[in-house]
Amino acid sequence: MTMTERRAEPTEVESTEKEESPARAPEERPAEAPETSRERVNRRWHEILQETRVAQTGVQILFGFLLSVAFTPMFRELGTFDRVVYVVTVVLGASATGALIAPVSIHRCLSGQRMKDEVVETAGRLMTLGIVLLALTIGCTLLLILRIVVPGPLAEALAAGVMLWFAVCWYALPLHLRHRATQNASGDDV
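Residues numbered from 1 in each chain as written. Predicted model: local features only at pLDDT ≥ 70, side-chain atom pairs only at ≥ 80, totals over all residues. Heavy atoms only, no water.

The next thing to look at is the packing of helix α3 (residues 80–110) against helix α4 (residues 116–149). In contact at an axis separation of 8 Å, α3 and α4 are set at 160° when each is read in the N-to-C sense. Classed by the angle they form, the pair α3 and α4 counts as roughly antiparallel. Relative to α4, the crossing made by α3 is left-handed. The class makeup of the residues in the contact of α3 with α4 is 24 nonpolar, eight polar and two charged. (Axes fitted to C-alpha atoms, helices over the stretch in contact; angles between N-to-C directions. Helix = DSSP H or I, 4+ residues; strand = E, 2+ residues; numbered from the N terminus. Parallel < 35°, antiparallel > 145°, perpendicular 65-115°, else oblique. Left-handed = near helix turned anticlockwise from the far one by under 90°. Nonpolar A, V, L, I, M, F, W, Y, C, P; charged D, E, K, R; others polar.)

Enumeration over the complete set of coordinates arrives at two aromatic pairs. Judged by centre distance (5.0 Å) and plane angle (65°), the ring pair of Phe 75 and Tyr 86 falls under edge-to-face. Of the two residues, Phe 75 is situated in the loop between α2 (37–69) and α3 and Tyr 86 in helix α3; the sequence distance between them amounts to 11 residues. Tyr 86 shares its class with Phe 75; the two are buried. (Phe/Tyr/Trp six-rings, centres within 6.5 Å; stacked < 30°, edge-to-face > 60°. Buried < 20%, exposed > 50% of the residue type's maximum accessible area, 1.4 Å probe, protein only.)

Read these as spatial facts, not as claims about activity.
So, in structure tokens, the structure goes:
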């Protein structure tokens, strides 16, 4: 048997930990060690960077698509309302791109200035704004496409339904979870 084929034997510490820590219910698990303020701000910064990577990719692809629409032959056939929707959509997309990329620029400009708390707070707010702008951009893009594909008020109804879905998934659900966690925490303190 080669080294790669051998089954790794647990170390003495690992086997002791496995024996001493049977599966526990979540409420019986020991609490995590509290974070220092420095650890918390570093964790929050890394979370913002991860969120930014996800959101930036989506907004950049969508924005690139929007920019190319004006150069298609069908664009010339759009009516005034659809052109207004297009312009609003492009401006929203550019604004979302700016808000979602801003944390990177702010960090680069303020790196080494010992302002990480302020950078994280500002970046968090810009991410929230960027996500709102991204939702509006997607909604307007959907409206623009659906008005061409689906006749009548069905396009507006479908776009409104998707925007409502975004509001539920992106905002109402997180706020509900936060509220429930706050209630659970206050109930535990009693």
